[in-house]
Amino acid sequence: MAERRLGLIMHGVTGRMGYNQHLVRSVLAIREQGGIVLANGDRLLLDPILVGRDREKIQRLADRHGIARWTTDLDAALASPDDQLFFDAGTTQMRAELLSRAIDAGKHVYCEKPVSDDLDSAVALAKKAKSAGIRHGVVQDKLFLPGLLKIRMLKDAGFFGRILSVRGEFGYWVFEGDWGQPAQRPSWNYRKADGGGIILDMLCHWRYVLDNLFGEVKAVSCLGATHIPSRVDEHGRTYTADADDAAYATFELEGGIVAHINSSWDVRVRRDDLVTFQVDGTHGSAVAGLHKCFTQHRVNTPKPVWNPDQPQTIEFFDNWEEVPGNVPADNGFKAQWEMFLRHVADDAPWPYGLEQGAKGVQLAMLGLQSWKERRWLDVPALGI
Ligand SMILES: NC(=O)c1ccc[n+]([C@@H]2O[C@H](COP(=O)([O-])OP(=O)(O)OC[C@H]3O[C@@H](n4cnc5c(N)ncnc54)[C@H](O)[C@@H]3O)[C@@H](O)[C@H]2O)c1
């Protein structure tokens, strides 16, 4: 069978997500496994070119991983017919313009979320991609988490009966950067002017998780907070953290399902995982973390009785059963890359285009507006 080469321009790979999840865990992992086998038996081989501002950094990265091609000249990379796909994991604020240039150059595009920090440009970008007829996609990694794949299976199997509510807890303590303990996230996340804020960061995730697993989001009420107003950056300088670092959001979904998700970088973890989703249905409930998922069927549900005079006698964690990991799950970012590459090379189905990215930005913008105006807001169709 024949070998097919796909040249891809990778931008933003010196960053946290671009390097770990996209370059190393996805593109290089796909390369190491010998590419992907297409429907007709052909093998698709990836040939990345790394693009960045800092010549030394980008060259060092390319050398470290045996990547032959790198450049600081994005225009030249976009102009070259050798590369068919443009990928971006750079800053959110640059993304819409970069993707727009790549689409103008006739490239397929794939990118991190959020696709933009404003709704108009996100919608314009999705429309542009559609009319250009190129292949386009946005990362929706949480859907590929083993824990959420198990929730999907439970739902498809009818385990829940009628789903009533979804409770999400996302977050962990992000160090302020003082006392010699560096923060574990980039400082731009905590500055409004640099595209920071947890509402923009996380509500676009919650949009595709809720839409795809439970029901379309119909309305949102969101309270944001900037709990920690001052942090220390990568260079040891104290800065004003003016972006929201916690969001307490409630969503109405189609079918009358109520979802409430807390997202916070100022919370200490005493739960199963850094993100957990509890789904309660008439027939059963489940709690999923990143990997594991536990269920409790209606017939296994203990009967608590409220009595503050007596210490609790029920061990609530003992009445849940773990869903076995019968299907081995690959890295979620890699699984989504492979799906997108099959869409590009093989015309395989792909539901995660830029219009989905725009829906994520829409929910984030409505979340911010709801907080500002202190009210519920409906989520209208975008008509892309
Ligand atoms: N899917 C997820 O779960 C997830 C998680 C974290 C971040 N993200 C998204 O990934 C993107 C990057 O986030 P990160 O945490 O990796 O950030 P980061 O700060 O670690 O990386 C940013 C990248 O952009 C580049 N960059 C910054 N300013 C630039 C400029 N002026 N010109 C050219 N390049 C520039 C940096 O060199 C770096 O490669 C963001 O859009 C973020 O929302 C997604």
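Remember, it's a predicted structure, so these values are computed and weren't measured experimentally.

Procedures and definitions
- All residue numbers here refer to positions counted from 1 along the written sequence of the relevant chain.
- Local features in a predicted model are, by the rule used here, given only for residues with pLDDT of at least 70; side-chain atom pairs are given and counted only at 80 or more, and totals for whole chains, interfaces and linings are based on all residues.
- Where each domain starts and ends follows an automatic or database-derived domain assignment.
- A pair of residues counts as a contact when their C-beta atoms, built from backbone coordinates, are separated by no more than 7 Å.
- Labels follow the DSSP assignment, with helices taken as runs of H or I lasting at least four residues and strands as runs of E lasting at least two, numbered in each case from the N terminus.
- Classes in brief: Ala, Val, Leu, Ile, Met, Phe, Trp, Tyr, Cys and Pro nonpolar; Asp, Glu, Lys and Arg charged; the others, Gly included, polar.
- We call a residue near a molecule or strand when its C-beta atom, built from the backbone, sits within 6 Å of it.
- Here, a strand pair is defined by DSSP locating no fewer than two bridges between the strands.
- Fitted lines through C-alpha atoms give the axes, limited to the stretch in contact for helices. The angle between two N-to-C directions lies from 0 to 180 degrees.
- Reported orientations rely on four angle classes, namely roughly parallel under 35 degrees, roughly antiparallel over 145, roughly perpendicular from 65 to 115, and oblique for the rest.
- One less than the number of residues in a helix, times 1.5 Å, gives the span that helix is expected to have.
- Here a residue counts as buried when 20 or more other C-beta atoms fall within 10 Å of its C-beta, as exposed when 12 or fewer do, and as partly exposed in between; the C-beta atoms come from the backbone.
- Put simply, a nonpolar core is buried Ala, Val, Leu, Ile, Met, Phe, Trp, Tyr and Cys residues tied into one set by C-beta atoms within 7 Å.

**Describing the domain arrangement of the protein chain**
You can read the domains of the protein chain as domain 1 (3-140 + 333-347) and domain 2 (142-331 + 362-377). If you average the C-alpha positions of domain 1 and of domain 2, the two centres end up 29 Å apart. At the junction of the two partners, domain 1 supplies 15 residues and domain 2 supplies 14 residues. Of all the elements in the fold, those that place two or more residues in the side of domain 1 that touches domain 2 are α1 (16-32), α4 (92-104) and α8 (332-346). Considering each element in turn, the side of domain 1 that touches domain 2 owes the most residues, four residues, to α8. Classifying every residue of the side of domain 1 that touches domain 2 gives four nonpolar, six polar and five charged.

**So, the site of the ligand**
As a matter of local geometry, the ligand sits amid 19 residues, with Gly15, Arg16, Met17, Gly90 and Pro186 nearest to it. The two domains that each donate at least three residues to the shell around the ligand are domain 1 (3-140 + 333-347) and domain 2 (142-331 + 362-377).

**A few points about the pairing of strand β16 (residues 293-297)**
Here strand β15 (residues 284-288) runs beside β16; their pairing, made up of five bridges, is antiparallel. The partner of Ser285 across the bridge, within β16, is Gln296.

**What about the packing of helix α5 (residues 119-132) against helix α9 (residues 354-373)?**
Their axes nearest at 9 Å, the elements α5 and α9 cross at an angle of 170°. Classified by the angle between their axes, α5 and α9 sit roughly antiparallel to one another. Across the interface between the two elements, Leu119, Ala122, Val123, Leu125, Ala126 and Ala129 of α5 pack against Leu354, Glu355, Gly357, Ala358, Val361, Gln362 and Met365 of α9. A breakdown of the residues in the contact of α5 with α9 according to their chemical character gives ten nonpolar, two polar and one charged.

**Considerations on the sheet that holds β16**
Within the open sheet, the nine strands sit side by side as β17-β16-β15-β14-β8-β13-β12-β9-β18. Their pairing is mixed. Looking at strand neighbours, the two that pair on one side only are β17 (321-322) and β18 (377-378), the edges of this open sheet. In the packing of helix α6 (residues 146-156) onto the sheet, contacts are made with β14 (275-281), β15 and β16, and the angle to β15 comes to roughly 165°. In the packing of α9 onto the sheet, contacts are made with β9 (217-225), β12 (246-253) and β18, and the angle to β9 comes to roughly 55°.

**A short note on the pairing of strand β8 (residues 163-171)**
Sheet topology places β8 next to β14; seven bridges connect them, and they run antiparallel. For Glu169, the partnering residue across the bridge sits in β14 and is Thr276. In terms of strand pairing, β8 meets strand β13 (residues 258-264) through seven bridges, oriented parallel. Within β13, the residue paired with Gly171 across the bridge is Ser264.

**Focus on α4**
Taking 1.5 Å of rise per residue, 13 residues should cover 18 Å, and α4 covers 19 Å from first to last C-alpha, within 8% of that figure. By the burial criterion, the buried members of α4 are Thr92, Arg95, Ala96, Leu98, Leu99, Ala102 and Ile103. Against β1 (3-11), α3 (74-79), β5 (85-88), β6 (108-111) and α5 lie the buried residues of α4. Phi turns positive one or two residues past the end of α4, at Gly106, with a value near 85°.

**Section: the nonpolar core**
Ranked by size, the top nonpolar core spans 91 residues in total, and within it Met10, Phe87, Val109, Val115, Ile151 and Leu210 carry the most contacts. For this core, the element with the highest residue contribution is helix α7 (residues 198-213), accounting for eleven residues. Of the domains in this structure, domain 1 (3-140 + 333-347) and domain 2 (142-331 + 362-377) are the two that each give at least three residues to this core. Once you skip the residues sitting within four places of it in the chain, Phe87 turns out to touch Leu8, Ile9, Met10, His11, His22, Tyr110 and Cys111.

**Concerning α1**
Across its 17 residues, α1 extends only 21 Å between first and last C-alpha, which sits more than 12% below the 24 Å expected from 1.5 Å per residue. Buried residues of α1: Gly18, Gln21, His22, Leu23, Ser26 and Val27, and no others. Each element contacted by the buried residues of α1 is listed here: β1, β3 (43-51), β5 and α8. Positive phi shows up at Gly34, right after α1, with a value of about 85°.

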